[in-house]
Structures are given as C-alpha cells and as structure tokens.
Amino acid sequence: MAEAAAFQGTGPSPARRWLRRTLTVAVGAPLLAGLLQNPSPAQAAEETPVSRTVDVSIDTLTPSAPVEGDTVTVTGTLTNRGKRTITDATVNLRVGPRMDSRSEIDQVARRKGFRSDSDPQPLDAPEIKVPRLAVGVSQDFRISVPVAELDLDDEGGVYQLGVSLSGQTSDARWDRVLGIERTFLPYQPEPTAKRTQLTYLWPLISSAHVSADTASDEQQSAVFQDEELVEELRPGGRLDQMVTLGKDLPVTWVIDPDLLASVEAMAKGYRVKDGTGHIAGTKANRELAENWLGQLEKAVQGRKIVALPFADPDLASLAHRGKAVPGSLGHLQSATALAASTVETILHVQPATDFAWPVEGAVDPSIMAVATSAGARKVIARSDSIQDDDLSYTPTAARPIGGGATAVVSDAELSTAFQGDMVRAETSTLAVQEFLAQTLAITLEQPQDRRSVVVAPQRQPSVSQAQAMAAAVRGLGAKRWTEPLDLVAAAAAKPDPDASTRVPRASQYPKKLRDSELPVDAFRDMKTTGDELDDFKVILSKPDRVVPPVLTAINREMSTSWRGRTTAAAIYRVDVQDVLRRLTKSVVLVDKSALTLSGRSATIPVTVQNKLLQDVEGLVLRLTSSNGTRLKVDGDTSADLPITVRAGHSQSVKFPASANANGQVSMTAQLYTADGTPYGTQMTFSVKVSEMTPTVMLVIAGGVLLLVLAGVRMYSQRKRLAARAAEAEADTPAANEAEGEAEAGTEGETEAAGDAPAGSDTADGAGQPSDPDPDTGSESGDPSGPGEKVDR
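This section reports on the structure supplied with the text. None of the values given here were measured: they were computed from a predicted structure.

Calculation criteria
Residues numbered from 1 in each chain as written. Predicted model: local features only at pLDDT ≥ 70, side-chain atom pairs only at ≥ 80, totals over all residues. Heavy atoms only, no water. Axes fitted to C-alpha atoms, helices over the stretch in contact; angles between N-to-C directions. Helix = DSSP H or I, 4+ residues; strand = E, 2+ residues; numbered from the N terminus. Parallel < 35°, antiparallel > 145°, perpendicular 65-115°, else oblique. Left-handed = near helix turned anticlockwise from the far one by under 90°. Contact = heavy atoms within 4.5 Å. Nonpolar A, V, L, I, M, F, W, Y, C, P; charged D, E, K, R; others polar. 1 Å grid on protein atoms, 1.4 Å probe; cavity = no way out; pocket = protein on both sides within 12 Å on 5 of 7 lines; lining within 4 Å. Points joined across faces, edges and corners; volume = space filled by probe spheres on them. Core = buried A, V, L, I, M, F, W, Y, C linked by side-chain atoms within 4.5 Å. Buried < 20%, exposed > 50% of the residue type's maximum accessible area, 1.4 Å probe, protein only. Pairing = 2+ DSSP bridges. Salt bridge = Lys/Arg side-chain N within 4 Å of Asp/Glu carboxyl O.

## A few points about the packing of helix 7 (residues 257-268) against helix 10 (residues 328-347)
Point 1. Where helix 7 meets helix 10, the axes come as close as 9 Å, and the angle between the chain directions of the two elements is 45°. Accordingly, the angle class assigned to the pair helix 7 and helix 10 is oblique. Between helix 7 and helix 10 lies a crossing of left-handed hand. Contacts between helix 7 and helix 10 pair Pro257, Leu260, Ala261 and Glu264 from the former with Ala339, Thr342, Val343, Ile346 and Leu347 from the latter.
Point 2. By residue class, the composition of the contact of helix 7 with helix 10 is seven nonpolar, one polar and one charged.

## Side note on the layout of surface pockets
Point 1. In this structure, the second largest pocket occupies an estimated 780 Å³ of space.
Point 2. As for the second largest pocket, its lining consists of 26 residues, of which Ala261, Ala265, Pro548, Pro549 and Thr552 are closest to the centre.
Point 3. Among the elements of the structure, strand 9 (210-214), helix 7, helix 10 and helix 18 (547-557) are those that each provide at least two residues to the lining of the second largest pocket.
Point 4. In the lining of the second largest pocket, the residues fall into ten nonpolar, twelve polar and four charged.

## Topic: the nonpolar core
Note on soluble globular proteins: their nonpolar side chains tend to be buried together.
Point 1. Counting residues in each nonpolar core, the largest one holds 76 residues, and the members touching the most others are Ile604, Leu621, Leu623, Leu631, Met667 and Val687.
Point 2. Grouped together as the second largest cluster of nonpolar side chains are 66 residues, Ala65, Val210, Val272 and Leu476 included.

## Focus on the pairing of strand 7 (residues 172-187)
Point 1. Of all 16 residues that make up strand 7, twelve are buried, and the element is covered over most of its length.
Point 2. For strand 6 (residues 157-169) and strand 7, the ladder comprises twelve bridges, and the chain directions are antiparallel. Paired with Thr169 across the two strands is Ala172, which belongs to strand 7.
Point 3. Between strand 6 and the antiparallel strand that follows it, strand 7, lie two residues.

## Examining the sheet that holds strand 27 (residues 650-659)
Point 1. What the four strands build is an open sheet, ordered 21-23-27-25; its pairing is antiparallel. Whereas interior strands pair on both sides, the edge strands pair on one side only; in this sheet they are strand 21 (587-589) and strand 25 (631-633). Put simply, the sheet's adjacent strands are angled 30° from each other on average, direction ignored.
Point 2. Looking at chain direction, strand 23 (residues 601-610) and strand 27 are connected through nine bridges and run antiparallel. Paired with Thr607 across the strands is Ser652, a residue of strand 27.

## Quick word on the pattern of salt bridges
Point 1. All chains considered together, the criterion is met by 33 salt bridges.
Point 2. Between Arg563 and Glu517 there is a salt bridge, and its shortest N-O distance comes to 3.9 Å. Taken together, the residues span a long stretch of sequence, with Arg563 in the loop between helix 18 and helix 19 (566-584) and Glu517 in the loop between helix 16 (511-515) and helix 17 (520-537) at a distance of 46 residues.
Point 3. For Arg563, a relative accessible area of 15% puts it in the buried group.

What follows is the structure, encoded as structure tokens:
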C-alpha cells in the first residue's frame, strides 16, 4: 500500500524517501554483511560481475527531455544470460543526483555492471514483479513514473536514470542486483538565460560511382561503375533518408557536388558497365534520380548550403603524400572551382565554397596549408585535434589561426555520438539521451555566456545512424537550452580569447588516419593521366567531349571515400587510364610493309587512321630516313607535313623522296602535336632502293619499241581483213546465179576448196596469238603485300 501511495503522489515527500532509504542502507548494511558474507567495502565499490547476469535493454525513453508535468516512460527487454533461473525478481528505476560536468556523464556512460558506491537506490515505486525468468528467456517491460516523483531539481540539470533487476537464483537465495542499464535524463523545465548556439552539419556525400567513360550518343551519357548509387536513392535508402529526415531539421547541408552531378547524369539517361561493355540504365532508375533531386531542391531552399570541393578530395592525403608529385594541388583548385557552378546549376542555390573538411577533423600545419591553398578560409577541425585541455568548459567553435584563416572546431564527443551500429533500438536510444545530456551540460557549464558549438558527424551516415541523429536534433526542438545556428554564422562568431588556436604538429597526426591515406603512387597515376589528357586534347576538334569526363574522374581519384578501400581505389585509377588510352590509340599510324624504290625519285605514302567520333587536327606527321645519303625525304633527312583526319576515316600523306645509292634504308614515321610533343608510338618500315642503270634503260626502251611495232602490224592486218570482208559481201548475188547454172559440173571443185592452205585469206582472218584478251579481271582492293612499289 505504501508503494501504491508513493506512485500516486500521496506518500512522503521525495526528500524524506531519499533520507529513509539512506538510513535503511546505513543501518542494515553491517547486518547483511555478516549474514551474507558480502565483500569488504573496498571490494563492494567495484563492479560486481554477477550484476551482468541479466541483460537489461532500454529501448525507448519518452519524452527524451521531459518538463514539469510530464510522465517518463521507459520500455525495454530483460534477458537472462546466466546459467540459472531467476526468481522473485523486481524491476526498479534508479534516479541519481544532478551531474555537474561533462566528465561525470562520460564516466557513467562507460560503466557496465552495478556499483554500490555510485549507483543510486531504487525508487520505492513504481516496481515491476518478475516471478520467474528462465535461462535464455527474454521478457519485455514497461515502466512509467511522473516527473514529480523523480525528485529533480527545479533549476534543471542532467540526471542518471537507471533500470535494474534484483532477484534470486538457486545458488543464492537473497536479493541482489543481477542486471542494470543506465541512461541520462536531461531536465530543463524553463529555458536557460543564455542558450548554446548549436550547428549540426548534415552531410550529403557518397562514393565515386561514375567512370571516365561516356557513351557515343549525342548527349554523351555517363557510364556508371555499378548500380550502388541507385540503392542509396531508393525509398528507405541512405541518401533518401538523409533528404527525408533533413528537410524538417534545423541543420546546415554539407554537399559533395559530385553526388549532385552523378544523380543528375543518372536522371538524364545513363549506362552501366557490363563486362567489357555497358548497358542502358532503366527508366525507373532515371525517374528515381529525378525525384530525389526534386526533393532535395525543395529541402534546401532558403537554407545555408556548404559545398565541398568536387568529389570531396582527401586533404590529408594530398598534404602528406600528394605534394611530392607536381601538379597535385592543381587538381584541388579545379575541384574547388567546379563546386559552386555544379550546385547552382542543379539546385539553383548559391553555396558557400570557402570551407574545407579534413578527415575526422584531424589537422596539422601541412593540412591547413593545403586546405587554404585552394581558397578555403575556414577549416572544419575537431576538438580531439585542436584541444582545450586547460579549460573547464566547452569554448566557442571559431578560432582564428592566422593568415586570415579560421578553424571551426567541432565538438568531438557530440560529433562521434552516433558512430557504430545504431540498428538496435537500445543503442540508438542511449546515444540520443547522452547527446541531449551533453548539450545541456555544455550550456550549464557557463550559463552566463552564450557559446557556439558545432557538430560534424561522420561523412556517410548509415540509415540507422541518420535516424538517430535526426531524433537527437528533434530532441532539441523545444530550444530550452540550445538554439540552431548555421555553419556560416558559426564560423563568424566571436571567438573565445582563452580557447586554443594552436595547430598540432605533424607528429601528432593520428597514425590510424595516416595509414589509411592514399599512397604516393595514386598521385603519380593522376599526374600521368593528366599529362596524357593534355597531349590528347590539343588534337581534338571537340575537346569538350573528352576533357570534362576525364578531369572529373581524376578529381574522383582523390576522394576521401577511398579511405579503407585501397584495392577499389587502384582499380578505379587503372580504369580511368584505360579509358583515356583507348581514346588516344584511336588515332594511329597504319603499319606499312617493306617498300621498293626503283629510280632516283618517288613518293612514299604514310596513312593515319582516326577511329574517333570527331575530327582530329593540329597534327604533324614526320617521316625520317635513317640514311640521308642513300635516301632523302623532300631533299633532307626528314620532312614534316600537317594532317587533318575526319572522324572515322583514314588519311594518306605522300612524302617526296629521292635516292642516291642502292641499298636498304629504315624509315620512321611519327606523329607530333603542334607544340612538338610526340603523339602515339612511332612506326618503322624499310625501303629498298634499286637504281636504274643505262643498260637496263636501253633494254626497257627496246622492249617498248618492239611492243609499238607489234601494235602497228596488228593494226594493218585487221584493216586488210576488214577490206576483204567488204568485197566478199559485194560479190554474193552474182555468185548465187552462177552457182545455179554450173551446179552439176562443179561438185568436185567445191569439195577441193575445203582443204585450203593455212596461209590463205581465211586463215588470216582468225587473228594472232599475241592479241589481248577481250576482258580483264578487276583489280584487288587488298593491301599491297611485301615488295610494294612506291608511286613515281
């Protein structure tokens, strides 16, 4: 009856209940110690292993930040992890005294088992009876209590709230704590005089999904490495949840422009790699991408947007490894320049582009130098890098670090509050309650001062992490001890004069982060690809079809998202190089067989093939003789001729050549760009010089004369035969009349006429064996074989 009265608020006051419980424990402890052989006081202050027999899970706590008049409700699960059945158990709430610092919250959060020296006594009511809990069995619980029964300070504060199970087992027939779970109850019934300005970054960042390749259609459809981005955009996917949750929260959107460009490319029509080729993306996926962009555009209207450099380059890797490779900083500058235009074009908002965000906010002098070299004047650091060990409170985030740059130091505990697995309801609930407790503790550290605190969470929160983050931000919605502030304003806040502005030394950079950086070879690969692109683009009539896709792919090679994915990063870099080299090898010299040059002068043809879908121009073809004394090209050892080749065609260039002596000469053909840079691989072929002597010329002249005489004779014979044929036709009527009169007497003569001699006129009419055939075969279109003769 006493417990029921206490629950209903009709029993003794909370202060008297607390005193009574304390006296009871003080008087009864010695007796219990003697009877139950409890450990010594020093040992009792330590965590008791038996208190982990039951796993107490706190799945929900509502409201997360109660006020006067509310009823606090806790739900969860009890699971017997021991080896014996538990009997005669009770579930109680335990509310501790007000905490005065963030360090106390940290200490409580690290505790696991029951500690008699620090865990408060259970409330008299409410209480849940558990008669029996078998081994391995779980049982849900729900317990509620009005705030008025929790004995909380009217001025507010952070309190420890515990749920414990006490009971007996077959080997210990007395009540003892067999399981406990703790969380925090932030209680601030009235708004504080000075509220903390809290900036929560909401990152929209993904991995690199688009390759350097493009389709051959007019719009150059992007070719994606895979369909992983689609999964993030689907309803319930990671990026879908980030937009769905973030649109109603007072947060600052931090966006990687590459993500926007990738989703837009998908919406316009894209292709996906499939073995050695690629296939078209589905219409449903295109519509999915289009809808996501539309929702994001609505969500960010009127909000502060921070755009990171394109593809979110890894500043630490660039500072520690990339600076050793010339030209690496140029990629960061181009990525920064591309950020604003990308966001403005797609979302139709103007972002802030003067922020840099190193991995996990870890900085050193070289990272600061690289970050500011591309125009960033504000670097998002973290308090476990730029530390304030001498301060007993949390200072304002903005810190001037010299040279016109500002370090915006995010709070490490708040920024890492939702890392790890947040799928379990208990994990998420405990993280949210601790986050709210920490923010209230910050405000109460210096209640007379308004400070600015920044929270920079992990770059790519999972769905469960994003949901927990959103629950925490919503928990601050009443604005009783915090108020929202965007990142731009936080960076401009008045700095705390006592806050540290010392950038840690390079030796203090975390080894774990240094070990996961991109290697120097990665930046060498980027330089190689960039140099090849520079050589290639000068010959293109439409360089815009090649240069932007490859440059953005190089930017993606520097992405922070490659951390922990060394193999995948290397494969992506190789793929970018392969795409570019496949294009450059589409403009080649066609191999030639050995040539034979008969005479003192001729022309040597060299063919250039262009398999690209655009014209190439600005190329110079150089043909060089290995022996200028024996064979000259255009009067010298080598000659240059400009060449332009249409898309999908081949073009031959003919070089005049002159021979001075017989023999074999090696010839080399090489393409060059207009500035004299070699393009592609050279081609080598041989020319056999065979000079004509006077005797050979006389023999050839005699042969020509004989052919002419034979032709004259043939012409005369054919003319004579034609005349005889005409005379025979004229004599035919008279011959017929005479034949009738002399038919009987001429039979013997007619038979004799059939044996005419071979030299008669009839024989002449048969022609000569030397006459040409009436028809000749068509010429072959195949390439010439060995021994090709050059044009003269």
